[in-house]
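Residues per chain, in single letters:
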Protein chains: 2
Amino acid sequence: MSNERVIYLPLGGAGEIGMNAYVYGYGRPGKEKLILVDLGVTFPDMDTSPGVDLILPDISWLVERKDDLEAIFITHAHEDHVGAIGHHYERLEAPIYARAFTADIAVRKLAEHGHPATAVKVVRPWPKMTEAGPFSVGFVPVSHSIPESAGLVIDTPKGRIVHTGDFKIDTDPGVGEPFDHAMWEDLGKDGVLALMCDSTNVFSAHEGRSEATVGPEIEKLIASAKGMVAATTFASNVARVKTLAEAGQRAGRSVCLMGRSMRRMIEAAVETGVLQDFPTTVSPEDAKSLPRESLMLIVTGSQGERRAASAQLANGKYQGIKLKEGDMFLFSSKTIPGNERGVIRIINQFSELGVDVIDDSSGRYHVSGHANRPDIERMHDLIKPQMVVPMHGEHRHLREHAKICDAKGVRGVLVVNGMMMDLTATPPRVAEYVETGRTYLDGSVQVGALDGVVRDRIRMALNGHVTVNIILDEDHEILGDAWCETMGLAETGTSDAPLLDILEEDLSQAMGRSARKLRANDDKLEEELRRVVRQSASGEVGKKPEVTVIISRMS
Amino acid sequence: MSNERVIYLPLGGAGEIGMNAYVYGYGRPGKEKLILVDLGVTFPDMDTSPGVDLILPDISWLVERKDDLEAIFITHAHEDHVGAIGHHYERLEAPIYARAFTADIAVRKLAEHGHPATAVKVVRPWPKMTEAGPFSVGFVPVSHSIPESAGLVIDTPKGRIVHTGDFKIDTDPGVGEPFDHAMWEDLGKDGVLALMCDSTNVFSAHEGRSEATVGPEIEKLIASAKGMVAATTFASNVARVKTLAEAGQRAGRSVCLMGRSMRRMIEAAVETGVLQDFPTTVSPEDAKSLPRESLMLIVTGSQGERRAASAQLANGKYQGIKLKEGDMFLFSSKTIPGNERGVIRIINQFSELGVDVIDDSSGRYHVSGHANRPDIERMHDLIKPQMVVPMHGEHRHLREHAKICDAKGVRGVLVVNGMMMDLTATPPRVAEYVETGRTYLDGSVQVGALDGVVRDRIRMALNGHVTVNIILDEDHEILGDAWCETMGLAETGTSDAPLLDILEEDLSQAMGRSARKLRANDDKLEEELRRVVRQSASGEVGKKPEVTVIISRMS
């Protein structure tokens, strides 16, 4: 009994902001019973994952131990916490626990993959606890930016873990429960082994502001507008959509929601009863016939996504509605690092249309859903754990968070994806390093990030592609000439002759001087022809393309 | 004589920050004599220009009129102002005028392309004027961040134009001449037709700070450091490199410059005598043997560039030097929008090494080289032009700048690339829209941005590539089976059979049911086989790949 331990193993979310997936285990080493907290996605980009649709955590380790997986707990309904549940459920098949609104979203995601709604169990919040093997887990309401966000109390035979989930300290968060200091303090009163704590905003030095401060500013802004007003925020930031809609209504405008994901999210929130008194909205169809000074659009695409409503409006038109000179577009959002190019492209397009764009540079029209540094420290102080384990952050965030702990005399433990920590060791230590990584949803297929599929696409994007075709007779003599096709390469290079002619000439010469033995060996011949093409293209256009060699043998 | 006019035509730099290239003309409509101000580059990114090495302005319009091009004037030696001179000189062959340091850099760029140094004429600053056809042009020293930056006075028979170039208002800029209010005011005293004015920082509401304020802060920071200190800034920000080196020296450290472009730039500045008293530096070889607390590296790669010194240090090692736990890395720079991912990657890598990264979020360790809004307005007030034409900005910057002018009762004229403005018309009007755009330096070849070369590479990156090979006999019957190769696609899809097998099976079936007439027509057969592959791949892996079809006919 005494060698049973509590382990913590992030498979995603520790060393990145996105695809949260945290495993906890209890039992004898290697025999632990497991639970999973959250199963989210992250988003691809052209630099590292062109053509990829979604990035999922690699859960192979967990799949190998699915018989020991007692349950999955989802803290809240943001994509980086629930987005992979539909894609991965089949391989895990454990019961999923969530509060009602989160469960509603999870069920929709499972349904897209043909899984039954019965997989998801709706739980009531703390102090109600759910038993899962050796664990007893409670959902502690916490303020964030989406309804029914929760932290988790995870009780084990060797002590309590508090997992904050995403949180901010906001006593008037618009949606979801206000932050309840007394309740959180109460969680820690009998001692807490470890606090797993959101690190997103650890570099923000000032106390966070309440969602309630945003509405009046936005209302003033809208009241000052002469033409149509459009505003964007994350579709899943239900609190902000509500703040925007209410501000629009108070400013005397009809509100129209545009973009499928936003309409869906608001529908789910209204249906499950967590979003009450949401202003009446008009359809895009009806909006078209309203005077522009009476209309406010709330639209998707705060991150400059190419197909979202904001990008389409910036391009000229969306669902029959156009913005024009004298209208206003508000980014009630922060641009996530890496998305600047897309956002700036939209701002410039609006500028060309004569639309005035207001962004968050003044700090008035957006507040974060995450705890800033003083609020993170407040959480430490409320829970008073034996150790703090920073999570939900890139390495720089986790390290800074751990340094803050050290400075206060609290043990801060820096754990990144794949580090299995034995939390019951003194001091806590790495029990094992586990292979983790990213799985790409690529079209309808999952591929490993390191499988080479996307690497090959990046190489073609950087270097272009050449197809080489030769036909050999049964004596390994070439029939006709070598034949090339290029894609993504200049048509002519330094010698001013067509690149294709140069490549084909060089290939023919190489074939002419090649040994019969080489020509008899497909692999070696392919390698030689690839080398010739790369050298020839390099001399001619300064690029070494990817090469596909097709050798046909007549017999 | 009376219908002679002054025209202004930006070919680059108006509607973007980068690849500056501004044409001025004087003469009868269509017969104007021309000068070009600046000929810079901009930098590619993976989203829009994968594999591209540099982006140059498309100067076709100017090349068609090269006989009317009297001269090229380069305001300063930053890449976005001088970087294309080597690549484009051959097509223009006009004399190039610049101050000594800028000329030194221009000569190096011409030499890389085999052009003689005699193409570049060194000019002394205002009040010295250079005659170029109907124009008389003076280089007016102005504070920026590189030695010998200049604005231009461009006198025409119909009035004076003042072209600010890149500028800030700094009376202690570190390198280059202090801003001379009286001299600039003097330029405007007899009336100015138009002020072409830098717009880069129009959204920065506060007066800009002097370069001189940065050094003491950096010195304090270095003095607080226990281990090695490394700092990065733009290689071409000679003022900052000097500020950093002097701060390091004052803090008692030996300074080592790392990264070829930075060493070259400083060498050029020292050689031409514009950078005096630069601290003695140690070579990377010698640096290795110094105690780490006595060493300061100044390195390239402030924008996260993958091959620069900063990225290599973050990866583990550069020229034998490693950073480790307890060392400090300073970004004395602003991240240009779009470069965040690369910079953050480096910060996280340093975090993993235990290196403390200091960025500019405090505002203490970097000031911009461009005028903020109050300083831009100050320039308007000094010159008192008949009109202000915002330049050096994206559309949003130009528009904001023009709005500021309107608000003050000064005529602001929004001109973007390709708009030829008749500045002598009342009011100034668009004389013509000229085709402009971007030319990609792709390997060793220039390709048009709209030629489709890069578009095809992007498509391969998003969709993958399939090569189809079939061989037909003289009766248009297939010999053997269709044969495929894929690149950048998953090996297996929804049916769990190899994707190649599925594609080849579907192609064989399509061939089997095809009409002889179709098989006899290469174009139609190719189109049909492409359609089959895309449909088959879409069903199997959810992607529609790019397809190269190779049809061989035996005869």
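Conventions and cut-offs
Residues numbered from 1 in each chain as written. Chains lettered and ligands numbered in written order. Predicted model: local features only at pLDDT ≥ 70, side-chain atom pairs only at ≥ 80, totals over all residues. Heavy atoms only, no water. Contact = heavy atoms within 4.5 Å. Buried area = accessible area lost by both parts, 1.4 Å probe. Salt bridge = Lys/Arg side-chain N within 4 Å of Asp/Glu carboxyl O. Helix = DSSP H or I, 4+ residues; strand = E, 2+ residues; numbered from the N terminus. Nonpolar A, V, L, I, M, F, W, Y, C, P; charged D, E, K, R; others polar. Least-squares fit on C-alpha atoms with pLDDT ≥ 70 in both. Disulfide = S-S within 2.5 Å. Buried < 20%, exposed > 50% of the residue type's maximum accessible area, 1.4 Å probe, protein only. pLDDT = per-residue confidence, 0-100. Pairing = 2+ DSSP bridges. Axes fitted to C-alpha atoms, helices over the stretch in contact; angles between N-to-C directions. Phe/Tyr/Trp six-rings, centres within 6.5 Å; stacked < 30°, edge-to-face > 60°. Parallel < 35°, antiparallel > 145°, perpendicular 65-115°, else oblique.

Engineer: Give a detailed account of the interface of chain B and chain A, specifying residues and quantitative values.
Structural biologist: Tallying the contact residues gives 65 residues for chain B and 65 residues for chain A. Surface buried jointly by chain B and chain A totals about 5400 Å² across both partners, of which 60% is contributed by carbon and sulfur atoms. Ranking the residues of chain B by area buried against chain A places Met46(B), Arg341(B) and Met487(B) at the top, with a combined share of 13%. At the junction of chain B with chain A, the criterion picks out 10 salt bridges. With a shortest N-O distance of 3.2 Å, Asp442(B) and Lys543(A) are connected by a salt bridge. Of all the elements in the fold, those that place two or more residues in the side of chain B that touches chain A are helix 11 (340-353), helix 13 (395-408), strand 25 (445-448), helix 14 (453-463), strand 26 (465-472), strand 27 (478-487), helix 17 (522-541) and strand 28 (546-553) of chain B. The leading source of residues in the side of chain B that touches chain A is helix 14 of chain B, at eight residues. For the side of chain B that touches chain A, the residue count by class is 25 nonpolar, 21 polar and 19 charged.

Engineer: Explain the relation of the copies chain B and chain A residue by residue, including any values.
Structural biologist: Taken as rigid bodies, chain B and chain A are interconverted by a rotation of 180° and an axial shift of 0.0 Å, the fit giving an RMSD of 0.0 Å. Such a turn and shift between the copies fits a two-fold axis. Measuring from the rotation axis to each C-alpha of chain B, the shortest distance belongs to Ala461(B), at 2.6 Å. Interface overlap between copies is the fraction of interface residues in one copy that are interface residues in the other; for chain B against chain A it reaches 100%, indicating a shared surface.

Engineer: How would you sum up the state of the cysteines? Please name residues and give values.
Structural biologist: Using the criterion set out here, one finds zero disulfides over all chains in the structure. Cys197(A) forms no disulfide, and the closest cysteine sulfur to it belongs to Cys405(A), at a distance of 7.7 Å.

Engineer: How would you explain the pattern of salt bridges if you had to name every residue and give the values?
Structural biologist: Residues and elements named next belong to chain B. By the definition in use, this model includes 74 salt bridges over all chains. Among the ionic pairs, Lys 33 bridges to Asp 68, the shortest N-O distance being 3.3 Å. Pair noted here: Lys 33 is in strand 4 (residues 33-37) and Asp 68 is in the loop between helix 1 (60-64) and strand 6 (69-73), with a separation of 35 residues, a long-range link. A relative accessible area of 31% means that Lys 33 is categorised as partly exposed. Judged by its relative accessible area of 22%, Asp 68 falls in the partly exposed class. Note that Arg 531 and Glu 528 form a salt bridge whose closest N and O atoms lie 3.0 Å from each other.

Engineer: Quick one: what's the story with the confidence of the model for chain A, residue by residue and with numbers?
Structural biologist: In this model, chain A carries an average pLDDT of 96, and 100% of its residues clear a pLDDT of 70 or more. Per the prediction output, this complex has pTM 0.95; the corresponding ipTM is 0.94.

Engineer: How would you explain the pairing of strand 15 (residues 254-258) of chain A if you had to name every residue and give the values?
Structural biologist: Residue and element names in this part refer to chain A. Here strand 15 lies mainly inside the structure; four of its five residues are buried. As paired elements, strand 15 and strand 16 (residues 295-299) share five bridges and run parallel to each other. Each bridged residue has a counterpart across the sheet, and for Ser 254 the counterpart in strand 16 is Leu 295.

Engineer: I'd like a description of the sheet that holds strand 9 (residues 129-132) of chain A, backed by residues and values.
Structural biologist: All names here are of chain A. Taken together, the seven strands give an open sheet; going across it, the order is 9-10-11-12-13-19-21, and neighbouring strands pair in mixed fashion. Two strands bound the open sheet, and with one partner strand each, they are strand 9 and strand 21 (411-412). Summarising the sheet, strand 12 (residues 159-163) and strand 13 (residues 192-198) pair through three bridges and their orientation is parallel. Within the sheet, the bridge partner assigned to Val 162 lies in strand 13 and is Leu 195. The strands that helix 12 (residues 373-383) touches are strand 12, strand 13 and strand 19 (385-391); relative to strand 13, the one it contacts most, it runs at about 165°. Against the sheet, helix 13 (residues 395-408) makes contact with strand 13, strand 19 and strand 21, and its axis sits at roughly 160° relative to strand 19, the strand it touches most.

Engineer: So what's going on with the sheet that holds strand 27 (residues 478-487) of chain A? Residues and values would help.
Structural biologist: All names here are of chain A. Across the sheet, which stays open at both edges, the three strands sit in the order 27-26-28 with mixed pairing between neighbours. Taken across any chain shown, the strands that pair with only one partner, and hence form the sheet edges, are strand 27 and strand 28 (546-553). Each adjacent strand pair in this sheet contributes to an overall mean axis angle of 15°, direction not counted. Where strand 26 (residues 465-472) and strand 27 come together, seven bridges link them in antiparallel fashion. Residue pairing in the sheet places His 465 in a bridge with Met 487 of strand 27.

Engineer: Talk me through the packing of aromatic side chains; I want residue IDs and the actual numbers.
Structural biologist: Residues and elements named next belong to chain A. For the coordinates displayed, the defined rule picks out 14 aromatic pairs over all chains. Geometrically, the ring pair formed by Phe 73 and Phe 139 is tilted, given 6.1 Å between the ring centres and 50° between the ring planes. Taken as a pair, Phe 73 in strand 6 (residues 69-73) and Phe 139 in strand 10 (residues 135-141) lie far apart in primary sequence, 66 residues in all. Residue Phe 73 is classed as buried on the basis of its relative accessible area, which comes to 0%. For Phe 139, a relative accessible area of 1% corresponds to the buried category. Each residue in the set Tyr 8, Tyr 22 and Tyr 24 is aromatic and connected to the rest through ring pairs, giving one cluster.

Engineer: Any chance you could break down the packing of helix 3 (residues 85-92) of chain A against helix 4 (residues 100-111) of chain A for me, citing the residues and the numbers?
Structural biologist: All names here are of chain A. Remark: helix 3 packs on helix 4, axes separated minimally by 8 Å, with the N-to-C direction vectors making an angle of 75°. Taken as axis vectors, helix 3 and helix 4 run roughly perpendicular relative to one another. When helix 3 is examined against helix 4, the residues Ile 85, Gly 86 and Tyr 89 are found in contact with a partner set consisting of Ala 106, Lys 109 and Leu 110. Class assignment for the residues of the contact of helix 3 with helix 4 results in four nonpolar, one polar and one charged.

Engineer: Talk me through the pairing of strand 1 (residues 5-12) of chain B; I want residue IDs and the actual numbers.
Structural biologist: Residues and elements named next belong to chain B. With respect to burial, strand 1 is a largely interior element, eight of its eight residues being buried. Pairing of strand 1 with strand 3 (residues 21-27), which is carried by seven bridges, proceeds in the antiparallel orientation. Across the sheet, residue Val 6 finds its bridge partner in strand 3, namely Tyr 26. Sheet topology places strand 1 next to strand 22 (residues 419-422); two bridges connect them, and they run antiparallel. Considered in strand 22, the bridge of Ile 7 is made with Asp 422.

Engineer: Outline unusual backbone geometry, supporting the account with residue identities and numerical values.
Structural biologist: Put simply, Trp126(A) and Pro127(A) share a cis peptide bond, and its omega is 15°. Here the phi dihedral of Asp38(B) falls at roughly 70°; this positive angle occurs in a residue that is not glycine. Along the chain, Asp38(B) falls in the loop between strand 4 and strand 5 (54-57).

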